[in-house]
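Here is what each chain is made of, one letter per residue.
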Amino acid sequence: MRVAIASGKGGTGKTTVSVNLAAWWRAAGREVLLSDLDVEEPNSGLFLGGEQMAAQVVYRKIPRWDPHTCERSGNCAAVCMYNAIAFTGKEVIVFPELCHGCYACSDLCPSHSLPMVDDRIGEIRTYAVTLAGGRRLTRVEGRLDIGREMATPLIAETIRYTATLEREGGITLLDAPPGTSCPMMEAAKRADLVLLVAEPTRFGLHDLTLAVETLRVLEKPFAVIVNKDRQGVTLIDDYCRKEGIAIAGKIPHLTGAARLYAGGSLLWDKVPEVAEALAQIAAYLDEKEKEGEGR
Amino acid sequence: MKQIVIISGKGGTGKTSLAASLAYLARHEAVVADCDVDAADMHLVTAPQRLEKEDFFSGYEAVIDAEGCTGCGMCVEVCHFDAIVPDGDVYRVLPLECEGCGYCPRICPVEAIKMRSLKAGEIYVSRTRWGNLLVHATLGIGSDMSGKLVTEVRKRARRKAEETRTPYLIIDGSPGIGCPVTASVTGTDFVVLVTEPTRSGQHDLERVYEVVRRFGIPAGCVINKADLHAGIAAEIRAFAEKEGIRLLGEFPYDDTFVEAVNAGMSVAEMENTPAAGKMKEVWEKIRSILSP
């Protein structure tokens, strides 16, 4: 089963849940693969580290102008819907950050003067992580080059690569990018189930409702994890009850846990309250997996 | 008019709380733009009264006319986004996959494909309960136009500030380092980086600052939850000093930010808290840095 861990709002604990659930579950004997798709700010490695086993550069395709064969028809600029190509009458200028890689300019060029070429956008790295207790798990990480703006193609490529490492009966956790737009959707689309991490603040609730709307459009099954849960603050519970959304687990707000997190520590083996919440979440996912097999 | 953008790299560091506090302190001296269009939260503390609303159209999607389609499949061949799938004897477009590139209608031999322009969101001009003009937006579900929407929000906010001769434009930016961030930062006069002394906060600060540095815009830094980890806080201060980033203020790790949000208030309005006083100092520092 493939589970995406996402959130409308940043900083709610998406990465905390991803890395600790991966470690807790692996330590409990389950086959776990973790894939960090927050390619703009990949942070799972700060907590899990690991030995780098492989790295591959990710390219996308963009057109490159060949001035020698170009007949100056201007067709390329006319067909591009993204204004990624300008034609001055003498020269063709390509703006890579605006290009979506649709190939229209290249394929439709009468003189074949805009071949599609590789354009580096980032890297996918694979790490072998050794956990306390000795078990190992594999962590994959997409990392967008600084200065590159298009995260979504790299996310798609990271998921494709992750899929090649998946094993029958194993569980894959995708640490998704925050928000509700393209990058988050790209991760959610490729998952069997999405866990939305929310914190009990008005910002947290508002951004959760946006994420829920998005997942409903995608027709993805999902559940909520309440992080930094506070006694007596029930705004996330109230919303979930009203909307009929399952809460897969609650992680309490603990200053001790926040300090450990700050220093880059894992929590699953140090904070009993967190371990308890992770067990709850794992049990919820186990049940969903069984339901899926039963269908 | 001076444009100040607040960004954070990492989410949840207090970016919007800071932006709302600066808006409260500046009042009529600042127009506010909520450019975190993916998760626009500014309205939750500013309780704005809506003055104007406008649909934002951007991008296209292909639509196949099932009557006209002969099922030749040429569109499927050229589509690089796997957005066209069989539907009985003909084909249809998956709207969430279509990038609106317009390639398929150009090659359809029977002209059965049309491009339809898309409503990508809505833009509002409102007045906050403190009197500032606020330009904000909602992004349509599944739209990949967040960068363009940020640009539109900023354009309108700038126009409002110029029309009303308002001296400051305060921009609540987007998290991350991608397209919406670049759109938030480009052309501003000062960048406020909000961070926290955690390994994630530090890592994200360094990545997003690299983007800011390339724009050559002067930057200041606010450390939230400063006492959460003394060692990392010291490393962040050292990084700021080395890079010439002005330290604008530090906030302790306490419940003031959460309590303010849940009361629908800005931190600067939380009377008798240390955080409220510090917000004032941050705003005064920014003003003095930007004064000619």
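1. A few points about the overall build of chain A
Helix and strand content of chain A: 10 helices and 11 strands. For chain A, the C-alpha atoms occupy an extent of roughly 70 × 45 × 40 Å along the three principal directions. Counting only residues that meet the buried cut, chain A has 58% of its 295 residues in that class. A separation of at least 24 residues holds for 73% of the contacts in chain A among residues at least 6 apart in sequence.

2. Notes on the overall build of chain B
The number of helices and strands found in chain B is 10 helices and 11 strands. Seen along its three principal axes, the alpha-carbon backbone of chain B occupies a region of about 70 × 40 × 35 Å. Here chain B holds 292 residues, and the buried ones make up 58% of them. Taking all contacts inside chain B whose residues are at least 6 apart in sequence as the whole, residues at least 24 apart take part in 77%. Accessible surface computed for chain B: about 11900 Å², of which carbon and sulfur atoms make up 47%. Averaging the coordinates of the 33 positive side-chain charges in chain B and doing the same for the 41 negative ones gives two points 7 Å apart.

3. Focus: the nonpolar core
Grouped together as the largest cluster of nonpolar side chains are 80 residues, with contacts concentrated most on Leu196(A), Val224(A), Val191(B) and Leu193(B). Setting aside chain neighbours within four positions, we find Leu193(B) in contact with Ile7(B), Leu205(B), Val208(B), Tyr209(B), Val212(B), Ala219(B), Gly220(B), Cys221(B), Val222(B) and Ile245(B).

4. Regarding the layout of surface pockets
Over the atoms rolls a probe the size of a water molecule, and in doing so it shows where empty space is left. There is about 340 Å³ of room inside the second largest pocket. In terms of lining residues, the second largest pocket is bounded by 21 residues, among which His206(A), Leu210(A), Ala137(B), Thr138(B) and Leu139(B) are the most central. Among the elements of the structure, helix 7 (202-218) of chain A together with strand 6 (113-127) and strand 7 (133-139) of chain B are those that each provide at least two residues to the lining of the second largest pocket. Split into classes, the residues belonging to the lining of the second largest pocket amount to 8 nonpolar, 10 polar and 3 charged.

5. A few points about the interface of chain B and chain A
With 61 residues of chain B at the contact, the number on the chain A side is 57 residues. Interface area for chain B against chain A, summed over the two sides, is near 4900 Å², with a carbon-plus-sulfur share of 56%. Connecting chain B to chain A are 4 salt bridges. On inspection of chain B and its partner chain A, the count reaches 31 residue pairs in polar contact (both at pLDDT 80 or more). Going through the elements one at a time, helix 1 (15-26), helix 2 (43-46), helix 4 (103-107), helix 6 (179-185), helix 7 (199-215) and helix 9 (256-262) of chain B are the ones with two or more residues in the side of chain B that touches chain A. With 9 residues, helix 7 of chain B is the single largest residue contributor to the side of chain B that touches chain A. Of the residues belonging to the side of chain B that touches chain A, the class tally is 25 nonpolar, 21 polar and 15 charged.

6. Examining the sheet that holds strand 10 (residues 222-229) of chain A
Residue and element names in this part refer to chain A. One open sheet holds the 9 strands; their spatial order is 3-6-7-2-8-1-9-10-11, and the pairing between them is mixed. Looking at the sheet topology across the chains shown, the edges are occupied by strand 3 (51-63) and strand 11 (247-252). Neighbour to neighbour, the strand axes of the sheet diverge by 20° on average, direction disregarded. Where strand 2 (residues 32-36) and strand 7 (residues 136-144) come together, 4 bridges link them in parallel fashion. Note that in strand 7 the partner of Asp36 across the bridge is Glu141. Sheet contacts for helix 1 (residues 14-27): strand 1 (2-6), strand 2, strand 7, strand 8 (171-175), strand 9 (193-198), strand 10 and strand 11; angle to strand 8, the most-contacted strand, approximately 160°.

7. Overview of a nonpolar patch on the surface
A contiguous nonpolar patch, built from Ile93(A), Phe95(A) and Leu98(A) and spanning about 230 Å² of accessible area, is present on the exposed surface. Take Ile93(A): it is sitting in strand 5 (residues 92-94).

8. A closer look at the domain arrangement of chain A
Residues and elements named next belong to chain A. Taken domain by domain, chain A comprises domain 1 (2-59 + 121-294) and domain 2 (65-114). Computed over C-alpha atoms only, the centres of domain 1 and domain 2 are separated by 40 Å. Across the boundary between the two partners, domain 1 contributes 4 residues, which contact 5 residues of domain 2. Counting the surface lost from both domain 1 and domain 2, the interface buries some 320 Å², and carbon and sulfur atoms represent 42% of this. On the domain 1 side of the contact with domain 2, Arg148, Glu149 and Met150 bury the most area, a combined 96% of that side's loss. Taken together, the connections running from domain 1 to domain 2 amount to 1 salt bridge. The salt bridge involving Arg148 is made with Glu97; its shortest N-O contact spans 2.7 Å. The interface formed by domain 1 and domain 2 includes 2 residue pairs in polar contact (both at pLDDT 80 or more). Its residues assigned to classes, the side of domain 1 that touches domain 2 comprises 1 nonpolar, 1 polar and 2 charged.

9. Remarks on the domain arrangement of chain B
Taken domain by domain, chain B consists of domain 1 (2-47 + 128-290) and domain 2 (59-119). Taken over C-alpha atoms, the centre of domain 1 of chain B sits 42 Å from the centre of domain 2 of chain B.

10. Some thoughts on the pattern of salt bridges
Opposite charge on two side chains allows them to pair when their charged atoms are near. Applying the stated criterion across every chain, the model contains 47 salt bridges over all chains. Asp172(B) serves as the salt-bridge partner of Lys15(B), at 2.9 Å between the closest nitrogen and oxygen. In this pair, Lys15(B) sits in helix 1 while Asp172(B) sits in strand 8 (residues 168-172), placing the two residues 157 residues apart along the sequence. As far as the burial class goes, Lys15(B) and Asp172(B) line up, both buried. With a closest N to O distance of 3.5 Å, Lys53(B) and Glu122(B) form a salt bridge. With Lys53(B) in strand 3 (residues 49-64) and Glu122(B) in strand 6, this residue pair connects regions lying 69 residues apart in the sequence. A relative accessible area of 16% means that Glu122(B) is categorised as buried. Each of Arg60(A), Glu97(A), Asp119(A) and Arg148(A) takes part in one network of salt bridges that share partners.

Rules behind the numbers
For every chain, the first residue of the written sequence is number 1, and numbering continues from 1 onward in sequence order. All chains are assigned letters beginning with A, and all ligands numbers beginning with 1, in the order in which they are written. Local features in a predicted model are, by the rule used here, given only for residues with pLDDT of at least 70; side-chain atom pairs are given and counted only at 80 or more, and totals for whole chains, interfaces and linings are based on all residues. Derived side-chain values reflect all non-hydrogen atoms in the structure, with water molecules and hydrogen atoms excluded from consideration. Each helix corresponds to a stretch of at least 4 residues labelled H or I by DSSP, and each strand to a stretch of at least 2 residues labelled E; elements are numbered beginning at the N terminus. For the exposure calls, accessible area comes from a 1.4 Å probe over protein chains only, and a residue counts as buried if that area is under 20% of its type's maximum, exposed if over 50%, partly exposed in between. Whether two residues are in contact is decided by their heavy atoms: any pair within 4.5 Å suffices. Surface accessibility in these figures is a Shrake-Rupley result with a 1.4 Å probe; residues are shielded only by whichever protein chains are displayed. Charged-residue counts in this description rest on Lys and Arg as positive and Asp and Glu as negative, His and the chain ends being excluded. Working definition for charges: the position is that of NZ of Lys, CZ of Arg, CG of Asp or CD of Glu. The criterion is simple. A nonpolar core is a set of buried Ala, Val, Leu, Ile, Met, Phe, Trp, Tyr and Cys residues joined through side-chain atoms within 4.5 Å. Here a cavity denotes a set of grid points, spaced 1 Å apart and computed over the protein atoms alone, in which a 1.4 Å probe fits but from which it cannot get out, and a pocket denotes an open set meeting protein on both sides within 12 Å along at least five of seven lines; residues with an atom within 4 Å of a point are reported as lining. Grid points are joined across faces, edges and corners, and a volume is the space filled by probe spheres set on the points. By the convention adopted, Pro, Cys, Tyr, Trp, Phe, Met, Ile, Leu, Val and Ala count as nonpolar, Lys, Arg, Asp and Glu as charged, and the other residues, Gly among them, as polar. Accessible area, probed at 1.4 Å, shrinks when two parts are joined; the buried area is that loss added up over both. Throughout this description, the term salt bridge denotes a Lys or Arg side-chain nitrogen within 4 Å of a carboxyl oxygen of Asp or Glu. By the criterion applied in these results, polar contacts are pairs of N or O atoms within 3.5 Å in which, for protein atoms, one can donate a hydrogen and the other can accept it, and in which residues neighboring in sequence qualify only through two side-chain atoms. For two strands to be treated as a pair, DSSP must find at least two bridges joining them. Helix axes are fitted only over the stretch in contact, all axes being lines through C-alpha atoms; the angle between N-to-C directions runs from 0 to 180 degrees. Distance thresholds for patches are 9 Å for like charges and 5 Å for nonpolar side chains (Val, Leu, Ile, Met, Phe, Trp, Tyr), applied to residues having over 30% relative accessible area and no salt bridge. A domain assignment, automatic or from a database, supplies the domain bounds used here.

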